[in-house]
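Fold and contact review
Residues per chain are reported as follows:
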Amino acid sequence: MKTVPFALSEGVLNLPAAVQDHSINVLKFADATLVITRAWDVPAGDEEKYLSQQLGKIKRNMKKVVMGEIADSDIAGIPAREVALRFENQHVMVYEKLAVARVDDHLLAFTLSRMQPFDADGDAFWTAIKAGLQPGG
């Protein structure tokens, strides 16, 4: 039986069949949180629509939302769209950077959240995270 490797923090899980990864990864750092999500139901060409929908949810659910312009970016050389924003959540100001890229047949979204504004070190950390992806087959 052919297996498909699936990487976990604890090791590699060899699965008995092909699998579609719908996981949400939440990675905690000393002063930031990175959330990695996947969207499988977004047709090619609808990336901007997906990003607008996600930003609309933030506008509806959070207070004092301020968004920057959506701009071209990349995740490890893969073309992406990116936006910086801030909002109030439970009386705490949250600063985020969100990047969305098409990887083969789905979208990959990186969201980095901090409790302080992005400065040179925060921007460098965000850039390193996006550059750190090693696309696999």
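Just so it is clear, the model here is predicted, and its values are computed rather than measured. (Residues numbered from 1 in each chain as written. Predicted model: local features only at pLDDT ≥ 70, side-chain atom pairs only at ≥ 80, totals over all residues. Heavy atoms only, no water.)

**Things to note about the packing of aromatic side chains**
Scanning all chains against the criterion turns up one aromatic pair. Ring geometry for phenylalanine 29 against phenylalanine 125: centres 4.9 Å apart, planes inclined by 85°, an arrangement best described as edge-to-face. In this pair, phenylalanine 29 sits in the loop between strand E3 (25-28) and strand E4 (33-39) while phenylalanine 125 sits in helix H2 (residues 120-131), placing the two residues 96 residues apart along the sequence. Over the face of the ring belonging to phenylalanine 118 we find lysine 97, whose NZ or CZ atom lies 5.0 Å from the ring centre. Against the face of phenylalanine 118 rests arginine 114, its NZ or CZ located 5.0 Å from the ring centre. (Phe/Tyr/Trp six-rings, centres within 6.5 Å; stacked < 30°, edge-to-face > 60°. Helix = DSSP H or I, 4+ residues; strand = E, 2+ residues; numbered from the N terminus. Lys NZ or Arg CZ within 6 Å of the ring centre and 35° of its normal.)

**Topic: the nonpolar core**
Residues Leu34, Ile75, Phe110, Leu112 and Trp126 are the most contacted members of the largest nonpolar core, which totals 16 residues. Elements that contribute at least two residues to this core include exactly E4, strand E7 (78-89), strand E8 (92-103), strand E9 (106-114) and H2. For this core, the leading source of residues is E8, giving four residues. Filtering out sequence-adjacent residues up to four positions away, isoleucine 75 remains in contact with Ala80, Ala99, Ala101, Leu108, Phe110, Lys130 and Leu133. (Core = buried A, V, L, I, M, F, W, Y, C linked by side-chain atoms within 4.5 Å. Buried < 20%, exposed > 50% of the residue type's maximum accessible area, 1.4 Å probe, protein only. Contact = heavy atoms within 4.5 Å.)

**What to know about the environment of leucine 98**
Following the sequence through the fold, leucine 98 ends up in strand E8. Classification of leucine 98 as buried rests on a relative accessible area of 8%. A sequence separation of 71 residues divides leucine 98 from leucine 27, and the C-alpha atoms of the two residues are 15 Å apart.

**Quick notes on the pairing of E7**
Direction of pairing for strand E5 (residues 63-67) relative to E7: antiparallel, over a ladder of three bridges. Within E7, the residue paired with lysine 63 across the bridge is glutamate 88. The pairing of strand E6 (residues 71-75) with E7 spans five bridges and is antiparallel. Across the sheet, serine 73 pairs through a bridge with alanine 80, a residue of E7. (Pairing = 2+ DSSP bridges.)

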